[in-house]
Amino acid sequence: MSVTVRVPAKVNVQLAVGAARADGFHDLANVFLAVGLYDEVTVTPADGLRVTCEGPDAALVPLDRTNLAARAAIALAERYGRTPDVHLHIAKDIPVAGGMAGGSADGAGALLACDALWGTGASRDELLEICAELGSDVPFSLVGGAALGTGRGEKLTALETGGAFHWVFAMADRGLSTPAVFREFDRLTADRDVPEPVACEALLDALAAGDPDALAATVSNDLQPAALSLFPELSGTLAAGRAAGALATLVSGSGPTTAFLVRDAGSAREVAEALRASGTCLAVRTAAGPVPGATLV
Ligand SMILES: C[C@@](CO)(OP(=O)(O)O)[C@H](O)COP(=O)(O)OP(=O)(O)OC[C@H]1O[C@@H](n2ccc(N)nc2=O)[C@H](O)[C@@H]1O
Ligand SMILES: Nc1ncnc2c1ncn2[C@@H]1O[C@H](COP(=O)(O)OP(=O)(O)O)[C@@H](O)[C@H]1O
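Thresholds, definitions, all that
- Residues numbered from 1 in each chain as written.
- Chains lettered and ligands numbered in written order.
- Predicted model: local features only at pLDDT ≥ 70, side-chain atom pairs only at ≥ 80, totals over all residues.
- UniProt positions renumbered as here; feature names shortened; annotations may be inferred.
- Helix = DSSP H or I, 4+ residues; strand = E, 2+ residues; numbered from the N terminus.
- Rg over C-alpha atoms; globule rule 2.2 N^0.38 Å.
- Buried ≥ 20, exposed ≤ 12 C-beta atoms within 10 Å, placed from the backbone.
- Contact = placed C-beta atoms within 7 Å.
- Near = placed C-beta within 6 Å.
- Nonpolar A, V, L, I, M, F, W, Y, C, P; charged D, E, K, R; others polar.
- Domains from an automatic or database assignment.
- Pairing = 2+ DSSP bridges.
- Right-handed = clockwise from strand over helix to strand, strands pointing away.

Under the annotation held in an unreviewed UniProt entry, the chain carries the name 4-diphosphocytidyl-2-C-methyl-D-erythritol kinase and is attributed to Streptomyces asoensis. In its Catalytic activity (unreviewed entry) section, the UniProt record describing the chain reads: "4-CDP-2-C-methyl-D-erythritol + ATP = 4-CDP-2-C-methyl-D-erythritol 2-phosphate + ADP + H(+)". Quoted verbatim from the Pathway (unreviewed entry) field of UniProt, the annotation for the chain is "Isoprenoid biosynthesis; isopentenyl diphosphate biosynthesis via DXP pathway; isopentenyl diphosphate from 1-deoxy-D-xylulose 5-phosphate: step 3/6."

What follows is the structure, given as structure tokens:
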């Protein structure tokens, strides 16, 4: 018997970053939107713990116990006093190290799949607690939709959305390390006071209204200067998307995937085509959000 869970990628429509905390993390006002690009995690009983992965980026995914899917299975097994004897197979469509929370998606997916397979009866809150131990973005991968993440991003408040937002995503030819981007943020802000991160009211209103123009006017990412500093070529991709008529252009989270907000599915196809022709990125995808979080299929 196998259990499969489908989990979406995310884009951060607002990422406000505070000063580094004593534990090395940064307080955030992180407005997540789950978008329709998915990984699937299938869990099957086995003699021991094994991870396999398929997909265009599969070679970049660790298959040992550092894989977030493996860590999720181990964490749940430990809590329920069992051994994580499962084969975890990841069908990966979310770019790796791209700022779209692919690893977090696999962690949340494996957790939900193992929970269903083992019938642990864990409550939603218990699952969310394990997610937060696995990584700052993992709780959001479980819940999906749209949410404000505070603390290091793990404390979630669901947000209302008035409709679907359409996006084009441009994938880069290499990844960026999330800790390295936060370190670069610290370096770039070393000579000034970094304000407490707060969610932008106008942005929350734009989400609630389902208004892409209002959302475009309010999106922001405090990690963008750091990502561009480490990966300057991304400014060419952003410029190509802007020239193609995107309503807003931004780096997704810590990057290097770039995100382009557009008005509708037709504009998404046009901007995607122009980005492909620009030669400024490796691959281009379209997706809309919000979509539900980790879901049994
Ligand atoms: C930046 C964001 C935005 O959503 O996502 P990505 O763009 O990487 O997908 C997240 O904050 C990434 O979350 P996640 O990838 O789960 O990070 P974690 O495993 O918790 O932490 C990895 C490292 O990132 C840094 N980190 C992460 C979160 C945070 N609030 N402050 C930090 O300083 C720390 O250096 C930490 O050691
Ligand atoms: N299941 C997984 N899928 C992808 N990367 C993983 C996974 N488990 C661990 N990793 C590690 O996490 C790093 C960050 O991956 P990912 O979550 O895709 O990016 P991001 O944090 O930018 O959204 C990868 O470079 C990889 O070494």
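More follows now that the structure is in view.
When its secondary structure is counted, the chain shows 10 helices and 12 strands. In terms of overall size, the chain behaves like a compact globule, its C-alpha atoms giving a radius of gyration of 19 Å where 297 residues would be expected to give roughly 19 Å. The C-alpha extent of the chain, read off along each of the three principal axes, is 55 × 40 × 35 Å. Per-residue burial for the chain yields a buried fraction of 51% across its 297 residues. Long-range contacts, defined as pairs at least 24 residues apart, comprise 76% of the intrachain contacts of the chain with a sequence gap of at least 6.

Attention now goes to the site of ligand 1. Residues in close proximity to ligand 1 total 20 residues, the closest being G135, S136, D137, R152 and G253. Among the elements of the structure, β1 (3-20), β2 (26-45) and α5 (178-188) are those that each provide at least two residues to the shell around ligand 1. When its residues are assigned to classes, the shell around ligand 1 shows six nonpolar, 12 polar and two charged. Mapped onto the domain boundaries, the shell around ligand 1 takes at least three residues apiece from domain 1 (3-159) and domain 2 (165-289).

Only one face of strand β4 (residues 86-91) is covered, namely the face carrying V86, L88 and I90; the face carrying H87, H89 and A91 is uncovered. Here strand β3 (residues 50-54) pairs with β4 via five bridges, running parallel. If you follow R50 over to β4, its bridge partner there is H87. As a crossover connection, the stretch from β3 through helix α1 (residues 68-79) into β4 is left-handed.

With that settled, the discussion passes to the domain arrangement of the chain. Assigned domains of the chain: these are domain 1 (3-159) and domain 2 (165-289). Put simply, the middle of domain 1 and the middle of domain 2, counted by C-alpha atoms, are 22 Å apart. Between domain 1 and domain 2, the residue contacts involve 29 residues of the former and 36 residues of the latter. If you list the elements that add at least two residues to the side of domain 1 that touches domain 2, you get β1, β2 and β5 (146-150). Residue classes in the side of domain 1 that touches domain 2 are distributed as 21 nonpolar, seven polar and one charged.

In the region of ligand 2, 20 residues are neighbours, and L68, A97, G102, G103 and D106 sit closest. Among the elements of the structure, α1 and α2 (102-118) are those that each provide at least two residues to the shell around ligand 2. Take the shell around ligand 2: its biggest share by element is four residues, from α2. Counted by class, the shell around ligand 2 contains nine nonpolar, 10 polar and one charged residues. Viewed by domain, the shell around ligand 2 spans two of them, domain 1 (3-159) and domain 2 (165-289), each represented by three or more residues.

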